[in-house]
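# Structural overview for review
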Amino acid sequence: MSAEDLENYETDMELALYREYRDVVGLFSYVVETERRFYLANHVDLQVRSAAGEVYFELSLVDAWVWDVYRSARFVKSVRVVTFKDVNVEELAKAELDLGAGPGFTR
């Protein structure tokens with residue numbers, strides 16, 4: 001396999017991962033970024049801890065999807081992350097469902 005073939009393969013894998021993300025993002029409530037990973041999750045518990053004068057973050061996610069091109073199974077039941085680096089947690093905006101907007105629906 002040439003370097004160009006490998007680069008094309010990695011590009012195709014990233015594109016497929018992006019498409020999967022786009023398809024599943026609506027199933028989740030939170031986006032979580034750590035130094036090493038990007039997650040979607042429905043429950044996030046972030047605790048700030050300290051030990052021996054060092055501050056670190058303990059992050060627990062439930063019902064999660066992991067952005068990782070090399071994982072065969074990206075959906076996971078629970079994730080625990082411990083990191084000394086920054087953690088970013090954002091709640092995703094949910095589009096409001098208005099059943100009265102479509103034809104055939106009356107209020």
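Preceding this section is the structure that the text describes.
Everything numeric here is computed off the predicted structure, so don't read it as measured data.

### Let's talk about the sheet that holds strand 3 (residues 54–67)
Strand order in this open sheet of five strands is 4-3-2-1-5, and the pairing throughout is antiparallel. At either end of the open sheet lies a strand with only one pairing partner, and these are strand 4 (75–83) and strand 5 (88–91). Direction aside, neighbouring strands of the sheet carry axes that sit 20 degrees apart on average. Direction of pairing for strand 1 (residues 30–33) relative to strand 2 (residues 38–51): antiparallel, over a ladder of four bridges. By the bridge assignment for strand 2, valine 31 is matched with leucine 40. Relative to the sheet, helix 1 (residues 3–24) contacts strand 2, strand 3 and strand 4, its axis offset from that of strand 3 by approximately 85 degrees.

### Some details on unusual backbone geometry
Here the phi dihedral of alanine 52 falls at roughly 55 degrees; this positive angle occurs in a residue that is not glycine. Looking at alanine 52, the relative accessible area reads 84%, which means it is exposed. With phi around 55 degrees, aspartate 63 is a residue other than glycine that occupies positive phi space. Take aspartate 63: it is sitting in strand 3.

Here is what the cut-offs are and how they apply
- Residues numbered from 1 in each chain as written.
- Predicted model: local features only at pLDDT ≥ 70, side-chain atom pairs only at ≥ 80, totals over all residues.
- Heavy atoms only, no water.
- Pairing = 2+ DSSP bridges.
- Helix = DSSP H or I, 4+ residues; strand = E, 2+ residues; numbered from the N terminus.
- Axes fitted to C-alpha atoms, helices over the stretch in contact; angles between N-to-C directions.
- Contact = heavy atoms within 4.5 Å.
- Buried < 20%, exposed > 50% of the residue type's maximum accessible area, 1.4 Å probe, protein only.

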